[in-house]
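Read off the chains here:
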Amino acid sequence: MKITDIECITLLVPDVRTDATSSAQDDIVVLVHTDEGITGIGETDVNPWIAKACIEARGTHTMGLGLKEMLIGENPLEPERLWEKLYTGSAMNGRRGAVICAMGALDMAMWDIRGKAAGKPVWQLLGKRREDAVTPYASLQPMGDTFEEYRDSLVAWAVKAKELGFTAGKMEVTLSGPYKHSGLNEPDEKMTEIVAACRNAVGPEFVMMVDVQYTWSDADTALRTLRDWESLDVYFVETPLQIDDLRGYARLHEEAPMPIAAGEWQTTRHEFADLMDIGLVDFAQPDVGRVGGLTEAKRVCDMAAARGRRIVPHCWKTGIGIAATQHLATVTPHCPYIEFLPAKLCDSALRRDLVEDEIVIEDGRLSLPTKPGLGIELNQDAIQRYRISD
């Protein structure tokens, strides 16, 4: 089998809000076509125009080759070998960042092809199936232009998530810092009020994570608030500091009253080595598209297992990435949860419309993927509706 073409489709919702800090409003869908009529589907969570440029740019020398030109004519059934070819051939321009994210979409699509060609779901080609089913947590990003609207929105969505059968949820409590929503700028005491309100609303049995999205500038500031949450039974706090403050993360690991999670932005296993060995995070959170695809995400999972750390993958995009994440989690026994953006509990039209086959949740668990490849089909009407012409 040979790759004959690579197609990059840029999507954008018509009512995009640049103040919402949500990458679920845009997407790049990468289609890898073959001479045997099998097409693989992939996506990555990075600016779609940047990813497209990384894939389609021409190379000028042997260490600065274009990703697309390196794949044309290659066998997509060998994604691990091709990952190394892409990494080395683009090393002067890549190694980290957007080039790795673009590689992630390509790698995801090649695993989709490999599964379709074999007539097997991708997880059967990745590794040994875990004994228990994969458990999703509802990833909840509230809306509101005032503190009260924001708080009440999140509490309502948490209650709704529980009603929909979720046994766990992540509350995005971001009232300040680089990710602050809708111009809010509230003191840290208001964060505690929201976390307490969510805990009261969902009850003690519901597993509750909190994402503060890099809000604090240093470990001392973070600890002043995190210590107030000790009685609220927070499963983990996600990204409390800027991601490069690895010493700060290590201190939170030692002193915070709950585990610390991070890794959504990390590209390649090499950045995760620093995050786990220097930052000492308790939960590593590879995003399949960003980290470099299923090939690299599986390596990160293996690294975490060797270090006694747990995996809870990041996935804030569409049904494409959710499907890939589920396949990864199916062969990762030290992955207690995966992030799941519920179509009924988000304002992203791309999340609701892009993929035809919605994953089924039964008794709080995800049904085992059985269809070949990633097991998804794209909604072509949605592609046409949200496609941005070059």
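K.L.:
I keep staring at the overall build of the chain and nothing clicks. Help me out?
P.N.:
Of regular secondary structure, the chain possesses 15 helices and 13 strands. Viewed in the frame of its principal axes, the chain has a C-alpha envelope of about 60 × 45 × 40 Å. The buried share of the chain, reckoned over its 390 residues, is 60%. Here the contacts in the chain between residues at least 6 apart in sequence split such that 73% fall between residues at least 24 apart. With an accessible surface of roughly 14,900 Å², the chain has 48% of that area assigned to carbon and sulfur atoms. Separation of charge centres in the chain, based on 41 positive and 61 negative side chains, amounts to 4 Å.

K.L.:
Explain the layout of surface pockets to me, please; I cannot follow it from the model alone.
P.N.:
Over the atoms rolls a probe the size of a water molecule, and its path tells where empty space is left. Of the volumes computed, that of the largest pocket is approximately 270 Å³. Every residue lining the largest pocket is counted, 20 residues in all, and those nearest its centre are Gln 326, Asp 357, Ile 359, Pro 369 and Gly 375. Among the elements that make up the lining of the largest pocket, the one with the highest residue count is helix α13 (residues 319–330) (five residues). For the lining of the largest pocket, the class distribution of residues is 10 nonpolar, six polar and four charged.

K.L.:
I keep staring at the pairing of strand β2 (residues 26–34) and nothing clicks. Help me out?
P.N.:
Regular strands show a simple pattern: their side chains alternate between the two faces of the sheet. For β2, the tally of buried residues reaches eight of nine residues, placing the bulk of the element in the interior. Direction of pairing for strand β1 (residues 3–12) relative to β2: antiparallel, over a ladder of nine bridges. Bridge pairing links Asp 5 to His 33 in β2. As defined by bridge partners, β2 adjoins strand β3 (residues 39–44) across six bridges and the pair is classed as antiparallel. Looking at β3, one finds that Val 29 is bridged to Glu 43. With antiparallel pairing between neighbouring strands as the criterion, β2 and β3 make up a hairpin whose turn holds four residues, including Gly 37 at a positive phi of roughly 80 degrees.

K.L.:
Is there a simple way to explain the environment of Val 16 in this structure?
P.N.:
Within the secondary structure, Val 16 is located in the loop between β1 and β2. Judged by its relative accessible area of 38%, Val 16 falls in the partly exposed class. Separated by 332 residues in the primary sequence, Val 16 and Ser 348 place their C-alpha atoms 9.5 Å from one another.

K.L.:
Sorry, what's going on with the pattern of salt bridges here?
P.N.:
Side chains bearing opposite charge may pair, as long as their charged atoms lie close to each other. This structure, assessed with the given rule, holds 27 salt bridges. Of the charged contacts, one joins Glu 56 and Lys 52 as a salt bridge, the two residues approaching to 2.8 Å between their closest N and O atoms. With Glu 56 and Lys 52 both in helix α1 (residues 48–56), this residue pair falls four residues apart, about one helical turn. Residue classification places Glu 56 among the partly exposed positions, given a relative accessible area of 35%.

K.L.:
Could you clarify how one ought to interpret the packing of helix α6 (residues 147–163) against helix α7 (residues 188–202) in this entry?
P.N.:
Two packed helices can be described by the angle between their axes and the distance between those axes. For the pair α6 and α7, the least separation of the axes is 9 Å and the interaxial angle reads 25 degrees. With respect to α7, the element α6 is oriented roughly parallel. Seen along the crossing, α6 lies across α7 with a hand that is right-handed. Residues Phe 147, Tyr 150, Arg 151, Leu 154, Val 155, Ala 158, Val 159 and Lys 162 of α6 form the contact with α7, whose participating residues are Lys 190, Glu 193, Ile 194, Ala 197, Cys 198, Ala 201 and Val 202. Looking at the contact of α6 with α7, its residues break down into 11 nonpolar, no polar and four charged.

K.L.:
What should I look at first to understand unusual backbone geometry in this one?
P.N.:
Negative phi values dominate among residues other than glycine, just as trans dominates among peptide bonds. The residue Gln 213 is not glycine, and still its phi comes out positive at about 55 degrees. Structurally, the position occupied by Gln 213 is in the loop between β6 (207–211) and α8 (219–226). On the accessibility criterion, Gln 213 (5% relative accessible area) is buried. The phi torsion at Tyr 214 lies on the positive side, around 65 degrees, for a residue other than glycine. If you trace the backbone, Tyr 214 turns up in the loop between β6 and α8. Accessibility expressed as a relative area gives 1% for Tyr 214, which makes it buried.

K.L.:
Even after reading the chapter, I still don't get empty space enclosed by the protein, so can you show me in this structure?
P.N.:
Tallied over the entire structure, the rule returns three cavities of 30 Å³ or more. Here the largest cavity defines a volume of roughly 70 Å³. Lining the largest cavity are 13 residues, and of these Glu 43, Asp 287, Gly 289, Lys 317 and Gly 321 lie nearest its centre. Of all the elements in the fold, those that place two or more residues in the lining of the largest cavity are β3, α11 (288–291) and α13. For the lining of the largest cavity, the class distribution of residues is four nonpolar, five polar and four charged.

K.L.:
What's the story with the sheet that holds β2 in this structure? I'm lost.
P.N.:
In sheet architecture, strand pairing relies on hydrogen bonds along the backbone and comes in two forms, parallel and antiparallel. With respect to topology, three strands assemble into an open sheet ordered β1-β2-β3, the strand pairing being antiparallel. The open sheet is flanked by β1 and β3, the only strands paired with a single partner. Ignoring which end each strand starts from, the neighbouring axes of this sheet average 20 degrees apart. Strands in contact with α1 are β1, β2 and β3; relative to β1, the strand with the most contacts, it is inclined by about 165 degrees. With respect to the sheet, helix α4 (residues 98–118) is in contact with β1, β2 and β3, its orientation differing from that of β3 by roughly 150 degrees.

K.L.:
In this structure, what is going on with the environment of Leu 82? I would like to understand it.
P.N.:
By the secondary structure assignment, Leu 82 is in helix α3 (residues 79–89). Judged by relative accessible area, Leu 82 falls into the buried class, the value being 0%. Placed 213 residues apart in sequence, Leu 82 and Thr 295 show a C-alpha to C-alpha distance of 9.9 Å.

Conventions we followed
- Residues numbered from 1 in each chain as written.
- Predicted model: local features only at pLDDT ≥ 70, side-chain atom pairs only at ≥ 80, totals over all residues.
- Heavy atoms only, no water.
- Helix = DSSP H or I, 4+ residues; strand = E, 2+ residues; numbered from the N terminus.
- Buried < 20%, exposed > 50% of the residue type's maximum accessible area, 1.4 Å probe, protein only.
- Contact = heavy atoms within 4.5 Å.
- Areas by Shrake-Rupley, 256 points an atom, 1.4 Å probe, with all protein chains shown as cover.
- Lys, Arg positive; Asp, Glu negative; His and termini not counted.
- Charge placed at Lys NZ, Arg CZ, Asp CG, Glu CD.
- 1 Å grid on protein atoms, 1.4 Å probe; cavity = no way out; pocket = protein on both sides within 12 Å on 5 of 7 lines; lining within 4 Å.
- Points joined across faces, edges and corners; volume = space filled by probe spheres on them.
- Nonpolar A, V, L, I, M, F, W, Y, C, P; charged D, E, K, R; others polar.
- Pairing = 2+ DSSP bridges.
- Salt bridge = Lys/Arg side-chain N within 4 Å of Asp/Glu carboxyl O.
- Axes fitted to C-alpha atoms, helices over the stretch in contact; angles between N-to-C directions.
- Parallel < 35°, antiparallel > 145°, perpendicular 65-115°, else oblique.
- Left-handed = near helix turned anticlockwise from the far one by under 90°.

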